[in-house]
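# Residue-level structural notes
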Amino acid sequence: MSSDITTASEALTFDKLGLSSKVLSAVSDAGYTEPTPIQAGAIPHALEGKDVLGIAQTGTGKTASFVLPMLTRLEKGRARARMPRTLILEPTRELAAQVEENFIKYGKNHRLNIALLIGGVSFDEQDKKLERGADVLIATPGRLLDHRERGKLLLNGVEILVIDEADRMLDMGFIPDIERICEMIPFTRQTLFFSATMPPEITKLTEKFLQGPVRIEVSKAASTNTSITQRIVKSGSKPWDKRAVLRDLIKAEGDELKNAIIFCNRKVDVSELFRSLTKYEFDAGALHGDMDQRARMTMLSNFRDGRLKLLVASDVAARGLDIPDVSHVFNFDVPIHAEDYVHRIGRTGRAGRSGKSFTIVTKSDLKALDAIEKLIGQKIEWHDGDLSSLPPAEETDEAPRRGRGAQRGRERGARSDSRQSRRPTASAQPDQELETVIQPDSEERASRRDAIRSENGARKGRPANGQEQRRHRRDEDDHPVIGFGNDMPAFMMIAGKV
DNA sequence: AAAAAAT
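Residues numbered from 1 in each chain as written. Chains lettered and ligands numbered in written order. Predicted model: local features only at pLDDT ≥ 70, side-chain atom pairs only at ≥ 80, totals over all residues. Heavy atoms only, no water.

Of all residues adjacent to DNA strand B, which total 21 residues, the nearest are Arg-143, Arg-266, Lys-267, Gly-289 and Arg-296. Counting only atoms of DNA strand B within 4 Å of the protein, the fraction found in sugar and phosphate groups is 78%. Contact distances for DNA strand B include 3.0 Å between a phosphate oxygen and a backbone N or O atom of Gly-119. In this structure, Gly-120 approaches DNA strand B through a main-chain N or O atom, which is 3.5 Å from a phosphate oxygen. Here the surface near DNA strand B is built from residues that sort into five nonpolar, nine polar and seven charged. (Near = heavy atom within 4 Å. Polar contact = N/O pair within 3.5 Å; in protein donor to acceptor, adjacent residues only side chain to side chain. Nonpolar A, V, L, I, M, F, W, Y, C, P; charged D, E, K, R; others polar.)

Turning to the UniProt feature "short sequence motif: Q motif" (unreviewed entry) in chain A, a few remarks are in order. The residues that UniProt annotates with the feature "short sequence motif: Q motif" (unreviewed entry) are residues 12-40. The span residues 12-40 is 45% helix and 0% strand, and its two end C-alpha atoms sit 8 Å from each other. (UniProt positions renumbered as here; feature names shortened; annotations may be inferred. Helix = DSSP H or I, 4+ residues; strand = E, 2+ residues; numbered from the N terminus.)

What follows covers the sheet that holds strand S13 (residues 355-361). Within the open sheet, the seven strands sit side by side as S10-S11-S9-S12-S13-S8-S14. Their pairing is parallel. Strands with a single pairing partner mark the edges of an open sheet, and in this sheet they are strand S10 (284-287) and strand S14 (381-382). Across four bridges, the pairing between strand S9 (residues 260-263) and strand S11 (residues 310-313) is parallel. Pairing of Ile-262 across the sheet is with Val-312, part of S11. This element, helix H12 (residues 293-304), spans S9, S10 and S11 of the sheet and lies at about 135 degrees to S10. Here helix H14 (residues 366-376) sits on the sheet in contact with strand S8 (228-234), S13 and S14, set at roughly 160 degrees to S8. (Pairing = 2+ DSSP bridges. Contact = heavy atoms within 4.5 Å. Axes fitted to C-alpha atoms, helices over the stretch in contact; angles between N-to-C directions.)

On to the packing of aromatic side chains. Per the counting criterion, the structure on display carries two aromatic pairs. Ring centres of Phe-66 and Phe-194 lie 5.4 Å apart, and the angle between their planes is 45 degrees; this geometry places the pair in the tilted category. Here the residue Phe-66 occupies a position in helix H3 (residues 62-74), and Phe-194 occupies one in strand S6 (residues 190-195), the gap between them amounting to 128 residues. Overall, the relative accessible area of 0% leaves Phe-66 in the buried class. Take Phe-194: its relative accessible area is 1%, and that puts it in the buried class. Here the aromatic rings of Phe-330 and Phe-358 are separated by 5.7 Å at their centres, their planes lie at 15 degrees, and the arrangement is stacked. (Phe/Tyr/Trp six-rings, centres within 6.5 Å; stacked < 30°, edge-to-face > 60°. Buried < 20%, exposed > 50% of the residue type's maximum accessible area, 1.4 Å probe, protein only.)

Either a parallel or an antiparallel arrangement is found when strands of a sheet pair, and the pairing is made through backbone hydrogen bonds. Strands sit in the order S3-S4-S2-S5-S6-S1-S7 across an open sheet of seven strands; the sheet is parallel. Edge positions in the sheet fall to strand S3 (114-117) and strand S7 (214-217), since each of these pairs with one other strand and no more. Shown here is a sheet whose adjacent strand axes are inclined to one another by a mean of 10 degrees, direction ignored. Bridging between strand S1 (residues 52-55) and S7 involves four bridges; their strand directions are parallel. The partner of Gly-54 across the bridge, within S7, is Ile-216. Running at roughly 165 degrees to S7, helix H2 (residues 37-48) makes contact with S1, S6 and S7 of the sheet. Each of S1 and S6 touches helix H9 (residues 200-209); the most contacted strand, S6, lies at about 170 degrees to it.

As a further point, take helix H1 (residues 21-29). Every buried residue belonging to H1 is among Val-23, Ala-26 and Val-27, and all of these are buried. Each buried residue of H1 sits inside an arc of 100 degrees when the element is viewed along its axis, so together they form one side. Residues of H1 that are exposed and point more than 90 degrees away from the buried face comprise Ser-21 and Asp-29. Its buried side turned inward, H1 meets H3 and helix H4 (93-106). (Arc of directions from axis to C-beta.)

Looking now at the packing of helix H6 (residues 141-149) against helix H8 (residues 175-184). For the pair H6 and H8, the least separation of the axes is 10 Å and the interaxial angle reads 45 degrees. The angle between H6 and H8 falls in the class oblique. Two packed elements cross with a definite hand, and for H6 against H8 that hand is left-handed. Counting all contacts with H6, which are made through Pro-141, Leu-144, Leu-145, Arg-148 and Glu-149, the residues of H8 involved are Asp-177, Ile-178, Arg-180, Ile-181 and Met-184. In the contact of H6 with H8, the residues fall into six nonpolar, no polar and four charged. (Parallel < 35°, antiparallel > 145°, perpendicular 65-115°, else oblique. Left-handed = near helix turned anticlockwise from the far one by under 90°.)

Structurally, His-147 is set in helix H6. Residue class for His-147 comes out buried when judged on its relative accessible area of 0%. Here the alpha-carbon distance between His-147 and Asp-127, two residues 20 residues apart in the chain, equals 8.2 Å. Beyond its immediate sequence surroundings of up to four residues, His-147 is in contact with Leu-117, Phe-123, Gln-126, Asp-127, Leu-130, Lys-152 and Leu-153. At a separation of 2.7 Å, a polar atom in the side chain of His-147 contacts the side chain of Gln-126.

What follows is the structure in structure tokens.
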């Protein structure tokens, strides 16, 4: 098992790979003539029916490296009801949908039934497609197993199995599901297995489920030091400090900023930042996993088509999603895991273009920043002076202000450690925008709720933001956790509600 | 300190 290395000297074209004429004509219609290294390496072996272990990241042309040979192989034979002929497993719904688009694009000369089984949408249409017999079944693990348990799906007719983004499946805890699914499929199948990295758990999985695989490894698509200008930007640690820093950055970039993804670590923060930016009349959308599926799809396609300039997103958008040309990436929060930083900023500076990334850094982020710099093996430059140039502010977390009347009953035994920075204090700076959401004063809670409600109501007529409505209602339920602040009524503590 | 995915 040695890695295949294709030399760049021989300008390889698609027509030498053994693909069918139907596939080739669709590929050339799409404007491609030369395969990427992973495609050149994987396609001939996949066509021969061999198992393939592809180690490649998004942006390397990995998807076509299994879609094209599968289409060629599917030209013989026909699907039977409830017995799909091929199965492609993807970690997220968007990725699954994206793979479906690839099958539609490159399979336009074929008459194939394609079924997409993902959560968040109704079963009816999926059932119908299964009943009709699917040549290509693309699924996220949860929904697939759900269909199977309902008896709508038999996996013993699967000829080709694709496991995509295996390392991400591992991160998401899908490996037991993947093992279960693999065991339902006859081992006479062909397996195409893709992963960006090979941690031990993934290696074990390939040893168990691949038979004499051809291993193809291509170098990273987006290494961090190429065309991306990275900067870190100092900020006070309060959310409104960070929002102000972000707004300034966006404005300062001016026309250079064509479109940008703004990453937050948490879904609530995505919603909150999205609302704030919208309020400041930035052209923004939001994307995270608790939004309903239709909203996710709409946001993504609006962003892709350039109808939306800024996309505030959780790490759903960090990997895999095909968002071609992003001029800027902002990390509103420093990612918790250093690898995520690489994935996030890898959304810009692709395909030889240049990109910029800004990461907003507060005092409490310095450790995470250090881990990132270690991982990427370089120091990231400060954009406009480091944190030491910040006014020393009342940000010194060492001095817990006790004795503020009722301000202090709660917070899991009044911790005075790292949670400090999240605790609202009475001396909080007045935020131009969301201070009412954050202020702990319980007397204001009712009016604050009303404010949010009317904000959502006012949103109704606005199509670009309309999709987020359902989420906002939930956010309302999320916020009081913060809003209770430090004056939770004593009876609630007795009730053990902390 | 998170996110993702089945309901």
